[in-house]
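# Notes for the structure review
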Amino acid sequence: MSKKPQEKQIQRKLNIAVFSNQTHPVVSGAADVVTAHCEELTKLGHNVVLFCEPLLMGVNEVPTPYTKIRFDVYMGVDIDIKFPKQTILDTIDQNILAIFNSIKFDVVYTHAFGAQSYVGKVLAQKYSIPHVAHVHTNFLWGVTEGSDQIVMLKTLRDFYCSASAVVYTNEQSKQVFSKLYQIEDVPAECAANASMLPIETPVDDAKVALYKRAWLCEEDIILAYSGRVEYAQKNLEFTLQVLKKIVETGLKVKLWVIGTGDLLTLLQSVVQKGLQAYVIICGVFTDKQELKNIIAGTDVLMFPSYYDTDGISIKDFARMSKPSILIDETLCAYDKKESGALIIPNNVDSAVDIIYNSIVEGELPKLGELCKQNLDITWQDIVENQLLPILYKYAG
């Protein structure tokens, strides 16, 4: 007789206090990650309480299957430098302290380094709870040399040095950031990102066709940028330079900019200087099914960001069998060189040659299928097989 397969041992239910200053309905990669983590951990039977930023005026709350506590913080993220720790505790909402007094949290999990996460760090110390901190992006990118960088670096180092462990999105970001923030001695773990697009629902082909007709793109190759519109951080100048050169080759091509951000006006002003016929500002799509329809109408994602580590847009496009164009030596490109993604140098002419050849030789659909095979993973897989073992490892 064959033996029955052993059932997978279920470990204990965890009480998890998650802190973030970016949560839905805010549109950002970090907000997507926080939402996905909290939802999947809740589905697995864990008690998740999310402590997060206040809603903006006029914005409605998003219902969630987990508890959500919104609170404001009246000091900046450099509070540890300017004020004693006791002062910080004095500013914390008494309702939050009451929750920590009533629930024995096993772990504090902080996201998106900011004021709310800083409060999470302080509460972890006060209640002697293990603190796991998640690094999403390069926080020092764009911080000028001099006193601002020194203060920021000290704040980052103090925050992450207090953690029981730091979670990065891939091995390269772990190596880069642990050295950059001078936190090599803090235990380091990895948990990747995944797509937020729904798997079950099909693309609405009629809507895809409608978008293309409305934006006069029915015969074009569609390059896309998807994410926060941060002109320098996301390297959008490079994207526009590449687009201009491809247009000069005679190819019928357009760029769809999917998203919004503080520098949308700057992007629009740059586009007006000769590219207005080739750039469509699509806007932001909070409905993930609608975002799925938009991506279905594109051919390839341009994502030359030096700021991101494992951009969710790359995973969204992979789910739709669309390849990504990434700059070599960026953290996003590190683990995707054999994935089907187009890896280009940080040189406009060389990049244009590679992209042009891939378009005219009909390589993009094949590369898109490879990206789907190699990069499309579910949040359930990420949380169950990567994140949860980390939380168990460090939980009290």
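Residues numbered from 1 in each chain as written. Predicted model: local features only at pLDDT ≥ 70, side-chain atom pairs only at ≥ 80, totals over all residues. Heavy atoms only, no water.

## A few points about the confidence of the model for the protein
- In this model, the protein carries a mean pLDDT of 88, and residues with pLDDT of at least 70 account for 91%.
- Counting contacts from residues 1-8, a segment whose pLDDT is below 50, to residues more than four positions away or on other chains yields one contact.
- With pLDDT under 50 throughout, residues 76-84 is counted as low confidence; its partners more than four residues away or in other chains account for 16 contacts. (pLDDT = per-residue confidence, 0-100. Contact = heavy atoms within 4.5 Å.)

## Here we look at the pairing of strand 6 (residues 165-168)
- Where burial is concerned, the two faces of strand 6 agree: the one with Ala 165 and Val 167 and the one with Val 166 and Tyr 168 are both buried.
- Bridge count for strand 5 (residues 131-134) against strand 6 is three bridges, and the pairing is parallel. In the sheet register, Ala 133 faces strand 6, and the bridge partner there is Val 166.
- Of the strand pairs in this sheet, strand 6 and strand 7 (residues 188-190) are connected by three bridges, and their pairing is parallel. The partner of Val 167 across the bridge, within strand 7, is Glu 189.
- In this fold, strand 6 hands off to helix 7 (residues 171-180), which returns the chain to strand 7; that crossover is right-handed. (Buried < 20%, exposed > 50% of the residue type's maximum accessible area, 1.4 Å probe, protein only. Helix = DSSP H or I, 4+ residues; strand = E, 2+ residues; numbered from the N terminus. Pairing = 2+ DSSP bridges. Right-handed = clockwise from strand over helix to strand, strands pointing away.)

## Some points on the nonpolar core
- Judged by nonpolar contacts, the single largest core of 56 residues is most densely connected at Leu 223, Phe 238, Val 242, Leu 243, Trp 256, Ile 258 and Val 279.
- Here the element with the most residues in this core is helix 9 (residues 236-248); it accounts for seven residues.
- Contacts of Leu 223, omitting those with residues within four sequence positions, involve Leu 243, Ile 246, Val 253, Lys 254, Leu 255, Trp 256, Val 300 and Met 302.
- The next biggest cluster of nonpolar side chains, apart from the first, holds 36 residues, and it includes Leu 156, Ala 163, Tyr 168 and Tyr 181. (Core = buried A, V, L, I, M, F, W, Y, C linked by side-chain atoms within 4.5 Å.)

## Considerations on the sheet that holds strand 11 (residues 300-302)
- With parallel pairing, the six strands of this open sheet are ordered in space as 10-9-8-11-12-13. Both outer strands of the open sheet, strand 10 (279-283) and strand 13 (342-344), are each paired with one neighbouring strand and no more. Ignoring which end each strand starts from, the neighbouring axes of this sheet average 30 degrees apart.
- Here strand 12 (residues 324-327) pairs with strand 13 via three bridges, running parallel. Counterpart to Ile 327 in the pairing with strand 13 is Ile 344.
- The strands that helix 13 (residues 348-360) touches are strand 8 (221-226), strand 11, strand 12 and strand 13; relative to strand 13, the one it contacts most, it runs at about 155 degrees. (Axes fitted to C-alpha atoms, helices over the stretch in contact; angles between N-to-C directions.)

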